[in-house]
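This is what each chain is made of:
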Amino acid sequence: MLLHCQVMPASDYDSASLPDILPLYYRRLFPFSQYYRWLNYGGVQKNYFQNREFSFTLKDDIYVRYQSFTTQNELEKEMQKMNPYKIDIGAIYSHRPNQHNTVKSGTFQALEKELVFDIDMTDYDDVRSCCSAAEICPKCWTLMTIAIRVLDRALRDDFGFQHLLWVYSGRRGVHCWVCDEAARKLSVAARSAVAEYLSLVKGGDETMKKVVLSDPIHPFIKESLVVVERYFPLYALQDQDILGRKESVDKVLALTPEDVRKQLQQDFQNEKKPENRWNLLKDQAKRKQATSKKGQHFEKEIMLQYCYPRLDVNVSKGVNHLLKSPFSVHPKTGRISVPIDLKELETFDPFAVPTINMICEELDRPRTVEEEEKSEETNDKENEKDAAESRKIRDYKRTSLAKYVKCFDQFLDVMARSWKGELLKKSDLQKDF
């Protein structure tokens, strides 16, 4: 039974308009220079960008894999020629992906890629009653906020990674690109180990109890619980009303030991408020912990089952797995896949992310006097070739895409400091000979 649901409104977006507006987007708005700066990683490793696989989905679901490009300019030209409906990024290969057919069989191999995570709202359908399938609303979006908080902390504190790019998928989920050199070099076995370490919710639809904790509780789970406990009352008790309707109450009680369940069923008859019902359940858990020899953590298991991030581990395990690119357009919603600024995570609103038709319309708005003056000033300082490049920069700055590109820029600036160190080390090593 769905309480209420909000299909994502996409400011009058119509997918039939894509063939007309994609050329404009790739010609004037797509942030190619930042994009190349990211995937080239400071040129620290030779052929890093050149050996990267790109895959394009074209109109009518035509799928083109093993694309690769020598320079930023070549990538730009090809994207402007093909106007892909969707861009996916793959691994760095041993040879150029576009020559993979000419390479001796067995030698063409995926060597490196960012460690990636894909969190999709459809994996939470058993714990959200507001929406289902591809629909999202502000009530269930909290799950994505929790997922980012939990995983970002663990990847930084437990694994020591620093360069995490969080991206909204454009429809119903989020992606994380861990860009540290150590993360990009991880083997399949190491990626699997990280993904398994971060996975707590196990089992498919037929599994009732998806989180089982043992004693002592691992420090990582304790840290994750700190985050989950912060959001649980709002998400589960208020917005999803899990202790309100009989059907959902039964689902929660099924996750408690049998004797506790019977007691709570009685207690709940006199107590109707979800917050108070939750307190009764927590009291039972305390009592059980005091008298039982083996760990009784059913209240923590319930919180984790309802709120803990659900990962598609297969995406994280493979080096050659493709993942949708930042700044790709989601063909169904028209929304741009944008970086998420963690400083503003609590207020991030997927419904406010611009659609492609919105930013293309913003380009047509007449410029303000101030913008005109600025642009003339800039033009005076540049020759023709640079003017074309900077016009592109100014174009996105005039749209609501600007703040997301700025967020991407800031991420790249921090990462560039680590490249500088690498390049210095390299030049010092060369001097030693």
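Residues numbered from 1 in each chain as written. Predicted model: local features only at pLDDT ≥ 70, side-chain atom pairs only at ≥ 80, totals over all residues. Heavy atoms only, no water.

Some details on the nonpolar core
Part 1 of the reasoning: Grouped together as the largest cluster of nonpolar side chains are 127 residues, with contacts concentrated most on Y25, W38 and I356.
Part 2 of the reasoning: Not counting residues within four places of it along the chain, the set of residues in contact with W38 comprises I89, E114, L165, W177, C179, P326, F408, F411, L412, M415 and W419.
Part 3 of the reasoning: In terms of nonpolar packing, the next biggest core, distinct from the first, is built from five residues, A91, Y93, V103 and V319 among them. (Core = buried A, V, L, I, M, F, W, Y, C linked by side-chain atoms within 4.5 Å. Buried < 20%, exposed > 50% of the residue type's maximum accessible area, 1.4 Å probe, protein only. Contact = heavy atoms within 4.5 Å.)

Structural notes on the pattern of salt bridges
Two side chains with opposite charge may pair up if their charged atoms get near one another.
Part 1 of the reasoning: Taken as a whole and judged by the stated rule, the model has 26 salt bridges.
Part 2 of the reasoning: Between D88 and K86 there is a salt bridge, with its nearest N and O atoms 3.0 Å apart.
Part 3 of the reasoning: Taking the relative accessible area as the measure of exposure, D88 reaches 5% and is therefore buried.
Part 4 of the reasoning: Here K86 falls in the partly exposed class, since its relative accessible area comes to 26%.
Part 5 of the reasoning: Its salt-bridge partner being E196, residue K202 comes within 4.0 Å of it at the nearest N-O pair.
Part 6 of the reasoning: When its relative accessible area of 36% is taken as the criterion, E196 is described as partly exposed.
Part 7 of the reasoning: Linked through salt bridges whose partners overlap, the residues forming this network are R28, D395 and R398. (Salt bridge = Lys/Arg side-chain N within 4 Å of Asp/Glu carboxyl O.)

Re the confidence of the model for the protein chain
Part 1 of the reasoning: Across the protein chain, the average pLDDT comes to 91, with 91% of residues at 70 or higher.
Part 2 of the reasoning: In the model, residues 1-10 has pLDDT below 50 throughout and makes 37 contacts with residues more than four positions away in sequence or in other chains. (pLDDT = per-residue confidence, 0-100.)

Looking at the side chain of Q34
Part 1 of the reasoning: You can see Q34 is positioned in helix 2 (residues 32-40).
Part 2 of the reasoning: Classification of Q34 by relative accessible area gives buried; the value is 7%.
Part 3 of the reasoning: A distance of 3.2 Å separates polar atoms of two side chains, one belonging to Q34 and the other to S33.
Part 4 of the reasoning: Once you skip the residues sitting within four places of it in the chain, Q34 turns out to touch Y396, V405, F408, D409 and L412. (Helix = DSSP H or I, 4+ residues; strand = E, 2+ residues; numbered from the N terminus. Polar contact = N/O pair within 3.5 Å; in protein donor to acceptor, adjacent residues only side chain to side chain.)

Section: the environment of R398
Part 1 of the reasoning: With respect to the element layout, R398 can be found in the loop between helix 15 (384-397) and helix 16 (402-431).
Part 2 of the reasoning: Residue R398 is classed as buried on the basis of its relative accessible area of 12%.
Part 3 of the reasoning: Each C-alpha atom, one on R398 and one on G244, is 47 Å from the other, the two residues being 154 residues apart in sequence.
Part 4 of the reasoning: From its side chain, R398 meets the backbone oxygen of L363 in a polar contact 2.9 Å long.

Focus: the environment of D241
Part 1 of the reasoning: Along the chain, D241 falls in the loop between helix 7 (219-239) and helix 8 (246-253).
Part 2 of the reasoning: Take D241: its relative accessible area is 23%, and that puts it in the partly exposed class.
Part 3 of the reasoning: For the pair D241 and C130, spaced 111 residues apart in the sequence, the C-alpha separation amounts to 9.9 Å.
Part 4 of the reasoning: In contact with D241, other than residues within four places in its own chain, are A236, S248 and P274.

Quick notes on the sheet that holds strand 7 (residues 173-178)
Each strand in a sheet pairs with its neighbour through backbone hydrogen bonds, running either in the same direction (parallel) or in the opposite one (antiparallel).
Part 1 of the reasoning: Here we have three strands laid out as an open sheet, ordered 5-7-6, and antiparallel in their pairing. Looking at strand neighbours, the two that pair on one side only are strand 5 (115-120) and strand 6 (164-168), the edges of this open sheet. Across the sheet, the mean angle from the axis of one strand to that of its neighbour is 15°, orientation sign disregarded.
Part 2 of the reasoning: Where strand 6 lies against strand 7, five bridges are found, and the strand directions are antiparallel. Looking across to strand 7, one finds that Y168 is bridged to V174.
Part 3 of the reasoning: Helix-sheet contacts for helix 4 (residues 138-158) involve strand 5, strand 6 and strand 7, and the interaxial angle to strand 6 is about 170°. (Pairing = 2+ DSSP bridges. Axes fitted to C-alpha atoms, helices over the stretch in contact; angles between N-to-C directions.)

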